[in-house]
Amino acid sequence: MTLFKKYYFKWFVTVFAVTLFFGCESNFKEIQKINFSEFVPSSDADMVNLKYTDSGRITAVLVSAKMLDYASVEFPFTEFPKGIDVTLYDKKAKKTFIKSNYAISYEGTSIIDLQGKVKIFTEQGQTLETEQLYFDQKNEWFFTERRFKLTDPKGVSNGQGIDFSRDFKVINSQKITGEIESAD
């Protein structure tokens, strides 16, 4: 009779443990659903044409097929999943053109991350091509650690890693190959 009691007790404990396990798993999944917050933009726009001004003077024009604004998240940002086409104007109305397949602008740092066939060109004939490029809006400075191709009226160079001013007057490049005339 004691063997039967031991077997019955083990069976009861096993059934109780299995029931408890599946009951907790079900509750755990419900708790996960409660804590899950959907990451959705606070605004969504198609065919965007934004003009940025400073003291009544246009400083930039941004055109994009799609803009998603995540202004209500902890670290706000704006995403351009279908790319951007930007024209920057300096104080003398000289233009710098920027194109990329994707872009994301971080509000807190004022950094724009340009990705996918990034191309920058100036009216003076300078062109930079790369797969990813960052733009520091506060300092008007571009930088990347990716491979790049820089075309200038003086020549063509390739390399990996470059940073430069918005007007291409200051260029610091790393690991370059190619030929460019130097200013004497």
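Preceding this section is the structure that the text describes.
Residues numbered from 1 in each chain as written. Predicted model: local features only at pLDDT ≥ 70, side-chain atom pairs only at ≥ 80, totals over all residues. Heavy atoms only, no water.

On to the packing of aromatic side chains. Enumeration according to the criterion identifies seven aromatic pairs in this entry. Their ring planes at 25° and their centres at 5.1 Å tell us that Phe97 and Phe121 sit as a pair that is stacked. Linking Phe97 in strand E5 (residues 95–100) with Phe121 in strand E7 (residues 111–122), this pair joins segments that are 24 residues apart in sequence. A relative accessible area of 21% places Phe97 in the partly exposed class. The ring centre of Phe121 lies 5.8 Å from the NZ or CZ of Lys119, which sits over that ring. (Phe/Tyr/Trp six-rings, centres within 6.5 Å; stacked < 30°, edge-to-face > 60°. Helix = DSSP H or I, 4+ residues; strand = E, 2+ residues; numbered from the N terminus. Buried < 20%, exposed > 50% of the residue type's maximum accessible area, 1.4 Å probe, protein only. Lys NZ or Arg CZ within 6 Å of the ring centre and 35° of its normal.)

Moving on to the environment of Ile111. Looking at the element boundaries, Ile111 is found in strand E7. Residue classification places Ile111 among the buried residues on the basis of a relative accessible area of 17%. For Ile111 and Glu140, which are 29 residues apart along the polypeptide, the C-alpha to C-alpha distance reads 9.9 Å.

Before going further, it helps to spend a moment on the side chain of Ser100. The residue Ser100 is located in strand E5 in this model. Excluding anything up to four places from it in sequence, Ser100 contacts Gly83, Ile84, Leu114, Gln115, Gly116, Lys117 and Val118. (Contact = heavy atoms within 4.5 Å.)

Note: strand E8 (residues 127–136) against strand E9 (residues 141–152), seven bridges, orientation antiparallel. Looking at E9, one finds that Phe135 is bridged to Phe142. Once E8 ends, the chain turns through four residues before running back antiparallel as E9, passing Glu140 with a positive phi of about 50°. Between the antiparallel neighbours E9 and strand E10 (residues 155–165) lie two residues. (Pairing = 2+ DSSP bridges.)

This next bit is on the side chain of Gln126. Residue placement: Gln126 occurs in the loop between E7 and E8. By relative accessible area, Gln126 is classed as buried at 13%. At 3.4 Å, the side chain of Gln126 and the side chain of Asp152 are in polar contact. (Polar contact = N/O pair within 3.5 Å; in protein donor to acceptor, adjacent residues only side chain to side chain.)

Here we take up the environment of Gly161. Tracing the backbone shows Gly161 in strand E10. Put simply, Gly161 and Leu133 are 28 residues apart on the chain and 9.9 Å apart in space, counted from C-alpha to C-alpha. Other than its neighbours up to four places away in sequence, Gly161 contacts Thr144, Glu145, Arg146, Phe148, Asn172, Ser173 and Gln174.

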